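Working through the structure, step by step
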Amino acid sequence: MSLGVGIEVTRRCNFTCPHCFVDARSAKGKPLGEAGGAPAPEWTTAELAALVRDLAACGTTDLCWSGGEPLLRDDLEELTREATSRGICVSLVTNGSLATRDRLARLRASGLATVQISLDGATPEAAARIRRGPKAAFRRATEAARAGLEAGLVTHLCCLLTPETAAEVEDMIALTRELGVPVLRYASWTPVGRAAGERYDEDAWASPSIRRFLEVALGDHAPGVRVLLDCPLGPHAGAPRFRCRVGRHSIYVTAAGDVFPCTALMFDAYRAGNVRERPLADIVFGADMFKVEREIAGSLPGGRCGTCGLVEHCRGGCPGKTYAVHGAIRGGEADGEQPACLLGVHGLVRGPRGAPGRSD
């Protein structure tokens with residue numbers, strides 16, 4: 001079993017983005033609370049090193065330092081060496097504000113393979129609409145991208161997908177190409193964390209700008225730049241056999257030690273355990289970790305998903321997005337229909353079950 005793991009190494013952050021899936025805030029550098037409750041204890045270096053060793057024993061092949069802002073910690077180099085010495089490929093997601101040339105070079109020397117830098121617009125003004133950070137956030141993010149490349153890191157940019165950012169996809173591709181970055185990833189937001197309770201406006205997602213975004217992102221319109229789309233968009237036209245594999249091949253560990261199948265399923269119903277309370281192996285291989293897999297495997301979704309030609313393959317797309325909006329992955333009024341599946345909203349895939357096809 002190969003396992004990809006995200007570890008929330010801190011819940012502190014120097015940004016306050018409205019879509020933050022962990023509702024991270026920095027209170028003068030103090031650890032943050034868990035969903036408004038008691039403060040989550042900050043990981044010690046020894047605790048994280050022990051967790052890395054346990055993850056290696058469980059078959060972890062890929063590990064991502066997440067947050068909060070991971071670069072607020074000064075021990076990532078040591079922790080990266082701990083992981084890479086056990087054959088684990090390590091990556092980092094960052095807002096870029098602290099990703100200086102020197103820091104990225106040191107992390108690369110420690111074995112870091114990949115850095116993903118969040119940037120939600122091709123200009124400072126556009127980026128600031130979504131990502132709430134220091135005034136110099138845009139400049140620092142673009143400098144971090146260049147620094148990552150100079151350090152020899154595989155460097156990606158990551159943009160939050162909204163109807164507004166979708167309209168600027170060609171500008172983002174141009175900026176990505178100008179920086180020399182090979183990959184531009186679009187991440188779909190889920191109404192969890194600070195965005196909990198937000199709704200998807202399907203009229204906005206059905207706009208011509210989103211249709212054009214899909215044509216550009218899924219087509220061959222970005223030479224020199226690879227555009228990646230997160231799975232919650234729905235099954236990709238170019239990869240119709242997408243199926244959620246959370247739990248069996250991916251997990252996420254929060255700053256409080258809670259273990260979930262992925263970031264989109266950080267709900268009490270899918271909390272598989274806490275590494276401060278139970279051995280990691282008991283959690284990773286326990287029945288609770290595979291609860292969502294059983295639910296997905298047990299039935300096909302209804303609604304619009306039930307008539308889609310890809311339903312046999314994707315089985316309803318992102319279960320986290322469906323649960324966040326409808327309170328259930330299967331059953332209930334929506335019966336597993338994924339909200340705002342862009343291919344469904346735009347009628348790009350139709351036909352009998354198990355027979356992928358395009359309407360255009």
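Predicted, not measured: the structure shown is a model, and the values here were computed from it.

1. Section: the pairing of strand β6 (residues 183-188)
Burial of β6 is extensive: five of the six residues sit out of reach of the surface. Two elements, strand β5 (residues 154-161) and β6, share six bridges in a ladder whose sense is parallel. The residue of β6 that forms the bridge with Leu160 is Ala187.

2. Describing the confidence of the model for the protein
Mean pLDDT for the protein: 86, with 88% of residues reaching 70 or above. In this model residues 27-37 is a low-confidence stretch, pLDDT under 50, and it forms 24 contacts with partners more than four residues away in sequence or in other chains. pLDDT under 50 marks residues 352-360. Its contacts with residues more than four places away, or in other chains, come to 25 contacts.

3. Focus on the sheet that holds strand β8 (residues 250-253)
Spatial ordering of the open sheet is given by β7-β6-β5-β4-β3-β2-β1-β8-β9-β10, a layout of ten strands whose pairing is mixed. The sheet is open, and its two borders are formed by β7 (226-229) and β10 (273-274), each paired with just one other strand. Strand contacts of helix α5 (residues 137-150): β4 (114-118) and β5, with the helix running at about 165° to β4, the strand carrying the most contacts.

4. Side note on the packing of aromatic side chains
What describes a pair of aromatic rings is the distance from one ring centre to the other and the angle between the planes of the rings. Throughout the structure, instances matching the rule amount to four aromatic pairs. Arranged with centres 5.3 Å apart and planes meeting at 85°, the rings of Tyr270 and Tyr323 form a pair that is edge-to-face. Here the residue Tyr270 occupies a position in the loop between β9 (258-260) and β10, and Tyr323 occupies one in helix α14 (residues 319-326), the gap between them amounting to 53 residues. The same class applies to Tyr270 as to Tyr323, namely buried. A cation over an aromatic ring shows up here: Arg276 above the ring of Trp43, its NZ or CZ 4.3 Å from the ring centre.

5. Brief notes about the pattern of salt bridges
Tallying each qualifying case throughout the model produces 21 salt bridges. Taking the shortest distance from any N to any O, the salt bridge between Glu42 and Arg12 comes out at 3.1 Å. Separated by 30 residues along the polypeptide, Glu42 in the loop between β1 (3-8) and α1 (45-57) and Arg12 in the loop between β1 and α1 bring together distant segments of the chain. Its relative accessible area of 24% is what places Glu42 among the partly exposed residues. Across the pair Arg129 and Glu168 runs a salt bridge, and its minimum N-O distance is 3.1 Å. Of this pair, Arg129 sits in the loop between α4 (124-128) and α5 while Glu168 sits in the loop between α6 (163-166) and α7 (169-179); the two residues are 39 residues apart in sequence, bridging distant segments of the chain. Three or more residues are tied together by salt bridges with common partners; here these are Arg12, Glu42, Arg73 and Asp75.

6. Points about the environment of Phe285
Looking at the element boundaries, Phe285 is found in the loop between α10 (280-284) and α11 (291-298). Along the backbone, Phe285 and Arg248 are 37 residues apart, and their C-alpha atoms lie at a distance of 8.5 Å.

7. Focus: the nonpolar core
Counting residues in hydrophobic clusters, the biggest one holds 77 residues, and the most contacted among them are Ile7, Leu63, Trp65, Tyr186, Phe213 and Ile251. Apart from residues no more than four positions distant in its own chain, Tyr186 is found in contact with Cys159, Leu161, Thr165, Val169, Met172, Phe213, Val227, Leu228, Leu229 and Asp230. Counting 13 residues, the second largest nonpolar core, distinct from the first, contains Cys244, Ala264, Leu265 and Tyr270.

8. A look at the packing of α5 against α7
Running from amino to carboxyl end, α5 crosses α7 at an angle of 45°, the nearest separation of the two axes being 10 Å. In terms of orientation, α5 lies oblique with respect to α7. Residues Phe138, Thr142, Ala145, Arg146 and Leu149 of α5 form the contact with α7, whose participating residues are Leu175, Glu178 and Leu179.

Conventions adopted
Residues numbered from 1 in each chain as written. Predicted model: local features only at pLDDT ≥ 70, side-chain atom pairs only at ≥ 80, totals over all residues. Heavy atoms only, no water. Buried < 20%, exposed > 50% of the residue type's maximum accessible area, 1.4 Å probe, protein only. Helix = DSSP H or I, 4+ residues; strand = E, 2+ residues; numbered from the N terminus. Pairing = 2+ DSSP bridges. pLDDT = per-residue confidence, 0-100. Contact = heavy atoms within 4.5 Å. Axes fitted to C-alpha atoms, helices over the stretch in contact; angles between N-to-C directions. Phe/Tyr/Trp six-rings, centres within 6.5 Å; stacked < 30°, edge-to-face > 60°. Lys NZ or Arg CZ within 6 Å of the ring centre and 35° of its normal. Salt bridge = Lys/Arg side-chain N within 4 Å of Asp/Glu carboxyl O. Core = buried A, V, L, I, M, F, W, Y, C linked by side-chain atoms within 4.5 Å. Parallel < 35°, antiparallel > 145°, perpendicular 65-115°, else oblique.

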